[in-house]
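Report on the structure
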Amino acid sequence: MENPENIDRMTTLSQVMKTLSERGIHREFRMNENCEMKFENSEKIYQPTELIILKTYRFEGDSNPDDNAVLYVVKDSVGNQGMIIDSYGADSNYPGEKFDEFLRNIPILESDEFNF
């Protein structure tokens, strides 16, 4: 995350994940091999319309273009908050179009609560 105005702000994936964990957000929404999006330790299968993206953080590796990742802070329709992490570049942790299509269909409602 590039931020020329405030160099003290968090710039790594691990820093953002640590801060989110301190705020109670430590579980992930993950797409399984059947292209079903589930919340960690849950059997509920989500549709994109049941989720809202509250914040998007992008990370780019300085020395290796394969070190790119996006972290999405997501809330479901009953208030559970979690994250979706996607590495991208030459290899994605979610191959195929289903994951990208799912993400494109999640409504976005950026929240200032996660500006840190």
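The coordinates are above.
Analysis parameters
- Residues numbered from 1 in each chain as written.
- Predicted model: local features only at pLDDT ≥ 70, side-chain atom pairs only at ≥ 80, totals over all residues.
- Heavy atoms only, no water.
- Pairing = 2+ DSSP bridges.
- Helix = DSSP H or I, 4+ residues; strand = E, 2+ residues; numbered from the N terminus.
- Contact = heavy atoms within 4.5 Å.
- Axes fitted to C-alpha atoms, helices over the stretch in contact; angles between N-to-C directions.
- Buried < 20%, exposed > 50% of the residue type's maximum accessible area, 1.4 Å probe, protein only.
- Arc of directions from axis to C-beta.
- Polar contact = N/O pair within 3.5 Å; in protein donor to acceptor, adjacent residues only side chain to side chain.

Sheets are built from strands that pair by backbone hydrogen bonding, the pairs being arranged parallel or antiparallel. Taken together, three strands build an open sheet; the order of strands is β1-β2-β3 and the sheet is antiparallel. Of all the strands in the sheet, the pair left with one neighbour each is β1 (29-31) and β3 (45-46). Note: strand β2 (residues 37-39) against β3, two bridges, orientation antiparallel. Its bridge partner being in β3, K38 is matched across the sheet by I45. Its contacts with the sheet place helix α2 (residues 97-104) against β1, β2 and β3, and it is angled at close to 140° to β1.

Residues separated by three or four positions in an α-helix point in the same direction, a consequence of the helix having 3.6 residues per turn. Within helix α1 (residues 13-22), burial applies to V16, T19 and L20. One face of α1 carries all of its buried residues, which in axial projection span an arc of 100°. Across from the buried face of α1, at angles greater than 90 degrees, the exposed residues are S14, K18 and E22. Packed against the buried residues of α1 are β4 (51-59), β5 (68-76) and β6 (81-88). G24 lies just past α1 and shows a positive phi near 90°.

Moving on to the side chain of K38. Of note, K38 is situated in strand β2. Looking at K38, the relative accessible area reads 17%, which means it is buried. Here E43 takes part through its side chain, which lies 3.0 Å from a polar atom of the side chain of K38. In contact with K38, other than residues within four places in its own chain, are E28, F29, R30, N32, E43, K44, I45 and Y46.

Along the chain, the position of E28 falls in the loop between α1 and β1. At 3.1 Å, the side chain of E28 and the side chain of R30 are in polar contact. Once residues within four sequence positions are removed from consideration, E28 is found in contact with K38, F39, E40, M83 and I85.

By themselves, these are just geometric observations and shouldn't be taken as functional.
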